[in-house]
Amino acid sequence: MSASKLEMSVERFNAALASLKESADKVKRAQPLTEQERSVAVERIDQAIGALQRVLGDGGVNAAGQR
């Protein structure tokens, strides 16, 4: 994998991780997520998994359990 692709994957992973941390903070403060926030969190998880799969070259599954 080229350095630029790796950097882009890491950036996408970091963005997804930041969004997940924000969602986790809301849960800790006992503020339930809205359906839209929950959907965004799942999407971010899928993006993070995808970024890691591209870096690691692994097929894996997404956050919804799908290949």
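Further up the page is the structure itself.
Anyway, here's the lowdown on the structure attached to this text. Bear in mind the structure is a predicted one, so any value in this text is a computation, not a measurement.

The rules behind the values
- Residues numbered from 1 in each chain as written.
- Predicted model: local features only at pLDDT ≥ 70, side-chain atom pairs only at ≥ 80, totals over all residues.
- Heavy atoms only, no water.
- Axes fitted to C-alpha atoms, helices over the stretch in contact; angles between N-to-C directions.
- Helix = DSSP H or I, 4+ residues; strand = E, 2+ residues; numbered from the N terminus.
- Parallel < 35°, antiparallel > 145°, perpendicular 65-115°, else oblique.
- Left-handed = near helix turned anticlockwise from the far one by under 90°.
- Contact = heavy atoms within 4.5 Å.
- Nonpolar A, V, L, I, M, F, W, Y, C, P; charged D, E, K, R; others polar.
- Buried < 20%, exposed > 50% of the residue type's maximum accessible area, 1.4 Å probe, protein only.
- Salt bridge = Lys/Arg side-chain N within 4 Å of Asp/Glu carboxyl O.

### Here's the deal with the packing of helix α1 (residues 3-28) against helix α2 (residues 35-56)
In helix packing, the relevant descriptors are the interaxial angle and the interaxial distance, both defined with respect to the helix axes. Viewed as axis vectors pointing N to C, α1 and α2 meet at an angle of 150°, and their least axial separation amounts to 8 Å. Looking at the two axes, α1 sits roughly antiparallel to α2. The hand of the α1/α2 crossing is left-handed. Counting all contacts with α1, which are made through L6, S9, R12, F13, A16, S19, L20, S23 and K26, the residues of α2 involved are E37, V40, A41, R44, I45, A48, A51, L52, R54 and V55. Counted by class, the contact of α1 with α2 contains 11 nonpolar, three polar and five charged residues.

### Topic: the environment of A41
Positionally, A41 belongs in helix α2. A relative accessible area of 10% means that A41 is categorised as buried. Separated by 18 residues in the primary sequence, A41 and S23 have C-alpha atoms spaced 7.0 Å apart. Those residues in contact with A41 that lie beyond four places of it in its chain are L20 and S23.

### Looking at the side chain of S19
Within the secondary structure, S19 is located in helix α1. S19 has contacts with V40 and R44, leaving out every residue within four places of it along the chain.

### Overview of the pattern of salt bridges
Scanning the model with the defined rule gives two salt bridges in all. Measuring nitrogen to oxygen at the nearest pair gives 3.5 Å for the salt bridge that ties R38 to E35. Here R38 and its partner E35 are both found in helix α2, three residues apart, which amounts to about one turn of the helix. Assessed through its relative accessible area of 39%, R38 is described here as partly exposed.

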